[in-house]
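Architecture at a glance
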Amino acid sequence: MRLARYLGYRLLLAVPVILGIIVLNFFLIHAAPGDAASVLAGESGAATPEYMALLRHKFGLDQPLSTQFAVYLLNMAHLDLGYSFRNDSPVLELILDRLGPTLLLMLTAFVVAVLLGSLLGVLAASGRNGWRDNLISLASLVAYATPGFWLGLMMIVVFAINLAWLPTSGLDTVGADNEGWDEVIDIARHLVMPATALSLFYLALYARVMRASMLEQTGMDYVTTARAKGQTERRIIFGHVLRNALLTVVTMAGVQAGNLIGGSIVVETVFGWPGIGTLAFNALQSRDLNLLLGIFFVSACLVVVVNLIVDLVYVTLDPRIEI
Amino acid sequence: MIDRLHSSTSISRRTALALPLGLAGLSAAPRQAAAEPEPVRGGTMVMIVNPEPSTLAHYAVSAGNIPMIATQVYEGLLTYDWDQKPQPNLAKSWEVSPDGKTITFKLQTGVTFHNGAPFTSADVQYSFMEVLKKVHPTAPVVLAELIAVDTPDAETAVFRLANPAPYMMKAMAARDLPIVCKSVFEGTDPLSNPTANKPIGTGPFKFVSWERGQSLRLDRNEKYWKPGLPYLNRIVARFIPDAGTRSAAMETGEAHFAGYSAVNYADVARMKQNPILDTTTKGYEMTPALSVLELNSHHPHLDKKEVRQAIAYAIDRTFIRDNVMFGYGEPATGPLSRKFVGLYTDQVRRYDVPNRLEIANKLLDDSGLPRGADGSRFELHLEVNSFGEQWLRQAEYLKQALAQIGITVILRSEDTATWLRRAYTDYDYDISEPFLSQGIDPVVGLNRQYLSSQIRKGVTFVNNSFYANPKIDRLLGEGRTEIDPAKRTEIYHKVQQILTEDSPLIWLVDVQYVSIFNRKLHNHTTGPLGTYQAFETAWLEK
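Residues numbered from 1 in each chain as written. Chains lettered and ligands numbered in written order. Predicted model: local features only at pLDDT ≥ 70, side-chain atom pairs only at ≥ 80, totals over all residues. Heavy atoms only, no water.

Concerning the overall build of chain B
Convention followed: Going along the chain from the N terminus, every DSSP run of H or I of four or more residues is numbered as a helix, and every run of E of two or more is numbered as a strand. We compute the radius of gyration from the C-alpha atoms alone; for a globule the expected value is 2.2 Å times N to the 0.38, where N is the number of residues. Residue burial is assigned from relative accessible area. The probe radius is 1.4 Å, only protein chains are included, and a residue is buried under 20% of its type maximum, exposed over 50%, and partly exposed in between. Note on contacts: a residue pair is in contact if any heavy atoms of the two residues lie within 4.5 Å. For the accessible areas, the method is Shrake-Rupley and the probe is 1.4 Å, while residue cover comes only from the protein chains on display.
Tallying secondary structure elements over chain B gives 15 helices and 22 strands in all. On C-alpha atoms alone, chain B measures out to a radius of gyration of 24 Å, which is about the 24 Å that the 2.2 N^0.38 rule sets for 542 residues. The principal-axis extent of the C-alpha atoms belonging to chain B is close to 75 × 60 × 45 Å. Within chain B, the proportion of its 542 residues that are buried is 64%. Contacts in chain B between residues far apart in sequence, at least 24 positions, make up 73% of those at least 6 positions apart. Looking at chain B as shown, the accessible area adds up to about 18,700 Å², and 51% of this sits on carbon and sulfur atoms.

Take a look at the structure:
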């Protein structure tokens, strides 16, 4: 009951946030020079003024900005994201097509980064200044400093070209018509490299944060108490310290869930992954405003939801925090 | 955020060679090897198309990446042989009247569209008069003279022209003027037809599905009207934004064909070493293009012919060809591509003379533009072409080259929309470095660039240098309607001589694209349109 009320309250708060994002995005985007008609005509290599006027009229670009804004707000009120004239397709359809692959990639990378990162952090902290700690610290430093796109390309060279273990790019093998488990395995094989490339940076980050946080907690009074009670080191680490240390990582993960959407553009590009990132980049390049606004809207909703989930995880981890 | 820092690099790479607006090739009569083995039926051919098209409305948008897919589905009345002579396709024969004003096409019988509708002269009439003439971006030039298409019977289409239009017969392939199905378009606005992204044509392959951001599938048209064709069961077009990954997909054999330099020039040399791959520069004979510099003559110094000539002298085009284009293409000598065999001439003012720097410096000195204390005469801004990183390399070279004659160049890189607005709407530029398709005939490429009537604010890739020369206006007008080949040649030779003298633009490289293919794929390049024509006779070794 209390949870339901809290959720309702948070969702209510999200409304002005998302509304603010919609308004801000609309005017920011319209402040960019150039329009969709000129890009489209530019790609055609040649066009007449009549053709461009025709396009501008069709896109609604010949209307005053205030009218365009009113139409947009009205559509959004009906949750109608509009039509992408450049793609000859409804915006919602375009986004939904891409949302699945994006979520798959993001969530895989996210889960791998948080779990593996935390684990490595714990291992490093428990063997402080030993070979294990040094090895993990060095590896995470290298991973932290490696650009995602370079790592992606190098993985392609090694694992796709030289060893031929994994496919170079894409979501699945096109035209193979796999079904059932074959399709799942096929997608998983395609997912390995992009998910690794996307998660490695965060994995390294979480490992370092987790290590520092673990070391900080080890010096706390409650650890001394636990030790005085005669508990085993293993139980102290996993039963007491880990839980408290995780709070820092969860906070960070919440903030970075938003970054994952943006950071995935590079990885999507390298691996030809059909996600939201490349869609947004293309929409921006071609001034496909309806599509861009639609993507911003969906991303904003995603970030709001992820933050809500993180807050709920918080409560579970630390009973002192109340909703 | 190290990833973030590098994202800009990756982004510029992904837009590399974004727009194959046109190309140029040199050899005129290539042939497949004589000992070609017997074709094998079946198989899925994977081709790389870059960038992914935004729409498949081939009849309304002429972006260079659409026809690689669209010409598998849509067909044209004619096709062309290696000598660029018209050959039958949907039209089995044709006749041009002596005055050049009537063209009678006899159509194939027994042809059906993918939706089952029979193909008749009514479809030809509707395609040309109601769809192409109304919404195709090049129609105001190519179809300007077309008044009506008469349909005396279902197998005859008679084109009536106001004036002779010698270039029109070169535009009858599916790449330029595709035939659409009347029953699908009738009563709709062609710009919002529901088949824009689900094309219905008469071609050898049928559209099946499009997973945006990933791939597009075409399946064999079982009822194709050419007996026994096509050989392939399926064509899959893959869209891979990153140039490095595109190369990798070719090297692993995941993809069989990459046309229009979808693979970066820089990677081609490595591809040639790969035993499963081969390359060809054939199939680009009918898509000539030049990389150029547009000069804004509203700039106080660029309005002087001598200054523009000095810039032309300062640039080593062979260096650009070798280092920016990795050896592909030819140094340009004037406003027309070498691909226009017969019309092209190199008997013009040549800027590639040995003492060119000396001449350039003297021209500037004589124009009253002495070097300052720092060796610089004046400053110019160069708008960097946003369609790929090779253009940034070219811009960097130009900065060095013009410094030699005392012109300080400041590079300005912006995204496509901003660049186009600056160069064609706001005219807030000094030098711009676009890559210009020359179309099927000089009428397309020259007229829009040099006619004074083509100074049109807000229209991209037209006359933005404010060049206005009544002599050129007259000659280009004559070239448009002249049907005598000898007289036409004379007209265009004169045009090239005048333009190279006036130097309103600087012509850099006659661009040559390259295709990479897997050796298992045969018969992929069967005519001068290359990937802009159907893979109906292509086949894959098992």
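Picking up where we left off.
Observations regarding the packing of aromatic side chains
Our working definition: A pair of Phe, Tyr and Trp rings is counted when the ring centres sit within 6.5 Å of each other, with Trp represented by its six-membered ring. The angle between the planes then sorts it: under 30 degrees is stacked, over 60 is edge-to-face, the rest tilted. By definition here, charges over rings are those cases where NZ of Lys or CZ of Arg is within 6 Å of the ring centre and within 35 degrees of the ring normal.
With the rule as written, the count across this model stands at 27 aromatic pairs over all chains. Taking 5.6 Å as the distance between ring centres and 25 degrees as the angle between the ring planes, the aromatic pair formed by A:Phe26 and A:Tyr72 counts as stacked. In this pair, A:Phe26 is assigned in helix H1 (residues 2-31) and A:Tyr72 in helix H4 (residues 65-77), connecting sequence segments 46 residues apart. Both residues of the pair, A:Phe26 and A:Tyr72, count as buried. Taking 5.5 Å as the distance between ring centres and 20 degrees as the angle between the ring planes, the aromatic pair formed by B:Tyr265 and B:Tyr328 counts as stacked. Taken together, the positions of B:Tyr265 in helix H7 (residues 265-273) and B:Tyr328 in the loop between helix H9 (317-323) and strand E14 (330-331) put the pair 63 residues apart, joining distant regions of the chain. For B:Tyr265, a relative accessible area of 6% translates into the label buried. On the basis of relative accessibility, which here comes to 12%, the residue B:Tyr328 falls in the buried class. An aromatic cluster is defined as three or more aromatic residues linked by ring pairs; in this entry it consists of B:Tyr260, B:Tyr284, B:Trp391, B:Phe435, B:Tyr513 and B:Tyr532. Here the guanidinium or amino end of B:Arg212 rests over the ring plane of B:Trp210, the centre of that ring lying 4.0 Å away.

As for the side chain of B:Gln84
Residue and element names in this part refer to chain B. Along the polypeptide, Gln84 turns up in the loop between strand E2 (78-80) and strand E3 (86-88). The class for Gln84 is buried, based on a relative accessible area of 18%. If we skip the residues at most four places from it in the chain, Gln84 touches Lys170, Glu285, Met286 and Pro528.

Considerations on the sheet that holds strand E10 (residues 234-238) of chain B
Residues and elements named next belong to chain B. What counts is decided by this rule: Here the rule is simple: two strands pair whenever DSSP picks up at least two bridges between them.
Sheet architecture is open: seven strands sit in the order E8-E9-E10-E1-E11-E20-E12, paired in mixed fashion. Sheet topology places strand E8 (205-211) and strand E12 (277-280) at the edges, where each strand pairs with a single neighbour. By the bridge criterion, five bridges tie strand E1 (residues 44-48) to E10 in an arrangement that is parallel. Counterpart to Thr44 in the pairing with E10 is Arg234.

Topic: the domain arrangement of chain A
All names here are of chain A. Definition in use: Bear in mind that the domain bounds are from an automatic or database domain assignment. Each of two parts loses accessible area, computed with a 1.4 Å probe, when they are put together; buried area is these two losses added. The working definition used for a salt bridge is a side-chain nitrogen of Lys or Arg within 4 Å of a carboxyl oxygen of Asp or Glu. Polar contacts here mean pairs of N or O atoms no more than 3.5 Å apart (in protein, one a potential hydrogen donor and the other a potential acceptor; neighbouring residues in sequence count only if both atoms are side-chain atoms).
According to the domain assignment, chain A contains domain 1 (2-91) and domain 2 (97-317). Each partner contributes to the interface: domain 1 provides 29 residues, whereas domain 2 provides 20 residues. When domain 1 packs against domain 2, the two sides together hide about 2,100 Å² of surface, and 75% of this comes from carbon and sulfur. Considering only the side of domain 1, the residues that lose the most area to domain 2 are Arg10, Ile18 and Ile29, jointly responsible for 24% of the buried surface there. Taken together, the connections running from domain 1 to domain 2 amount to one salt bridge. Here Asp311 and Arg10 are joined by a salt bridge, their closest N and O atoms 2.5 Å apart. Counting across the interface, domain 1 meets domain 2 through three residue pairs in polar contact (both at pLDDT 80 or more). Of all the secondary-structure elements, those providing two or more residues to the side of domain 1 that touches domain 2 are H1, helix H2 (36-44), H4 and strand E1 (83-84). It is H1 that provides the largest number of residues to the side of domain 1 that touches domain 2, a total of 13 residues.

Focus on the nonpolar core
Convention followed: Put simply, buried Ala, Val, Leu, Ile, Met, Phe, Trp, Tyr and Cys residues joined by side-chain atoms within 4.5 Å make one nonpolar core.
By size, the foremost hydrophobic cluster in this structure holds 176 residues, and its most contacted members are B:Tyr59, B:Leu77, B:Phe105, B:Phe128, B:Phe159, B:Met172 and B:Ile315. By residue number, the principal contributor to this core is helix H3 (residues 121-135) of chain B, which donates seven residues. Setting aside its immediate chain neighbours within four residues, B:Leu77 contacts B:Pro88, B:Asn89, B:Leu90, B:Ala91, B:Phe105, B:Leu107, B:Val124, B:Phe128, B:Phe159, B:Met172 and B:Ile179. Among the nonpolar cores identified, the runner-up in size contains 49 residues, and A:Met106, A:Ile156, A:Leu205 and A:Leu246 belong to it.

Overview of the environment of A:Asp97
Its place among the elements puts A:Asp97 in helix H5 (residues 91-126). Along the primary structure A:Asp97 and A:Ala253 are separated by 156 residues, whereas in three dimensions their C-alpha atoms are 26 Å apart.

Here we look at the layout of surface pockets
The probe, sized like a water molecule, is rolled over the atoms to show the empty space still left. The cut-off we apply is this: Cavities and pockets are found on a 1 Å grid laid over the protein atoms alone: a cavity is a set of points where a 1.4 Å probe fits but cannot escape, a pocket is an open set with protein on both sides within 12 Å along at least five of seven lines, and a lining residue has an atom within 4 Å of such a point. Grid points are joined across faces, edges and corners, and a volume is the space filled by probe spheres set on the points. Classification convention: Asp, Glu, Lys, Arg as charged; Ala, Val, Leu, Ile, Met, Phe, Trp, Tyr, Cys, Pro as nonpolar; all other residues, Gly among them, as polar.
Here the largest pocket defines a volume of roughly 880 Å³. In this structure, the largest pocket is lined by 30 residues; those nearest its centre are B:Gln84, B:Lys85, B:Pro166, B:Lys170 and B:Arg488. Put simply, the parts of the chain that give the lining of the largest pocket at least two residues each are strand E4 (91-96) and helix H15 (485-502) of chain B. Counting residues per element, the lining of the largest pocket draws most heavily on H15(B), at three residues. The class makeup of the residues in the lining of the largest pocket is 18 nonpolar, five polar and seven charged. Space inside the second largest pocket adds up to approximately 450 Å³. Around the second largest pocket sit 25 residues that line it, and A:Phe59, A:Gly60, A:Gln68, A:Phe85 and A:Asn290 are the ones nearest its centre. Broken down by secondary-structure element, the contributors of at least two residues to the lining of the second largest pocket are H1, helix H3 (49-59), H4 and helix H12 (289-317) of chain A. Ranked by residues supplied to the lining of the second largest pocket, first place goes to H4(A) with five residues. Its residues placed into classes, the lining of the second largest pocket shows eleven nonpolar, eight polar and six charged. Shared between two domains, the lining of the second largest pocket takes at least three residues from each, and those domains are domain 1 (2-91) and domain 2 (97-317) of chain A.

Observations concerning the pairing of strand E13 (residues 289-295) of chain B
Regular strands show a simple pattern: their side chains alternate between the two faces of the sheet. Residue and element names in this part refer to chain B. The element E13 is largely enclosed, with a buried count of seven among its seven residues. By the bridge criterion, three bridges tie E13 to strand E18 (residues 435-437) in an arrangement that is antiparallel. Residue pairing for E18: Ser291 is matched across the bridge by Phe435. Relative to strand E19 (residues 505-510), E13 runs antiparallel, the two sharing five bridges. Following the sheet pairing, Ser291 is matched in E19 by Val509.

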